[in-house]
Amino acid sequence: MVTELELFAPALYESLFPAGISRYAVGGLLVGLGAVGIYLGTGISAGASTFLESTLSYVSDQSRFQRYISSRDWRVVFTLGIIAGAFVYAVTFQSGVVSSGLYESGATGQVYDVGGITLWLTDVQPWRLFLGGILVGIGTRIGKGCTSGHGVCGVGSASKTSIVGVITFLTVAIGTAQVVMALGVSP
């Protein structure tokens, strides 16, 4: 039986987080502050799937998309911010232009030099990325939200639906990862 003292043993954290927990703590803090900022500024929980869905109100007349017309402009800015943030991260930290003790480059992917900027490209096959994106999209519709909406905002506000959703997300993700690893599937 695991004692309380063993749960806080440094060896446990070193095995689970060999590079330390600071990067996760900083990332979590930034995500949490972003969610609080959006909620305080708009009164709306920050769920990325809803923000992405709201962009469809520009091109679709379906009523489910039209309900976002009054707030879609700032949601589009948020969505573009996610994309821009990923791009800035890729051309700074992943490329090696900026270094930080919080970032350690991954073991997969290829590094390319394009116009004096080093870019990283994943080894994951494009069809797998596409299929994964489709499955995530279907999952967010079935689950009525995504991990940012349910996991950050929903759990933070003690929503029973979000807690069940997050438990489901984690169970399926961990199970899938274990099956994929057992099958020896690589990118």
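Below is a summary of the structure that appears in this document. (Residues numbered from 1 in each chain as written. Predicted model: local features only at pLDDT ≥ 70, side-chain atom pairs only at ≥ 80, totals over all residues. Heavy atoms only, no water.)

**Overview of the nonpolar core**
At step 1: Residues Ala-35, Ile-38, Ala-46, Phe-51 and Cys-153 constitute the largest nonpolar core, which totals five residues.
At step 2: Among all residues touching Ala-35, those that are not within four sequence positions of it are Ala-46, Val-152 and Cys-153. (Core = buried A, V, L, I, M, F, W, Y, C linked by side-chain atoms within 4.5 Å. Buried < 20%, exposed > 50% of the residue type's maximum accessible area, 1.4 Å probe, protein only. Contact = heavy atoms within 4.5 Å.)

**Some details on a nonpolar patch on the surface**
At step 1: Taken together, the side chains of Trp-127, Phe-130, Leu-131, Ile-134, Leu-135, Ile-138 and Ile-142 make up a nonpolar region of the molecular surface, amounting to roughly 780 Å² of accessible area.
At step 2: With respect to the helices and strands, the residue Ile-138 is situated in helix α7 (residues 126–142).
At step 3: The class for Ile-138 is partly exposed, based on a relative accessible area of 43%. (Patch = residues over 30% accessible without salt bridge, like charges linked within 9 Å, V, L, I, M, F, W, Y side chains within 5 Å. Areas by Shrake-Rupley, 256 points an atom, 1.4 Å probe, with all protein chains shown as cover. Salt bridge = Lys/Arg side-chain N within 4 Å of Asp/Glu carboxyl O. Helix = DSSP H or I, 4+ residues; strand = E, 2+ residues; numbered from the N terminus.)

**Digging into the packing of helix α8 (residues 147–156) against helix α9 (residues 160–183)**
Any two packed helices are characterised by the angle at which their axes cross and by the distance between the axes.
At step 1: Close contact between α8 and α9 brings their axes to 9 Å; oriented N to C, the two are set at 130°. With respect to α9, the element α8 is oriented oblique. Of the two possible hands of crossing, α8 and α9 adopt the one that is left-handed. Between α8 and α9, the contacting residues are Thr-147, His-150, Gly-151, Gly-154 and Val-155 on the first element and Thr-161, Ser-162, Ile-163, Val-166 and Phe-169 on the second.
At step 2: Grouping the constituent residues of the contact of α8 with α9 by class yields four nonpolar, six polar and no charged. (Axes fitted to C-alpha atoms, helices over the stretch in contact; angles between N-to-C directions. Parallel < 35°, antiparallel > 145°, perpendicular 65-115°, else oblique. Left-handed = near helix turned anticlockwise from the far one by under 90°. Nonpolar A, V, L, I, M, F, W, Y, C, P; charged D, E, K, R; others polar.)

Note that all results are geometric; they support no functional claim without further evidence.
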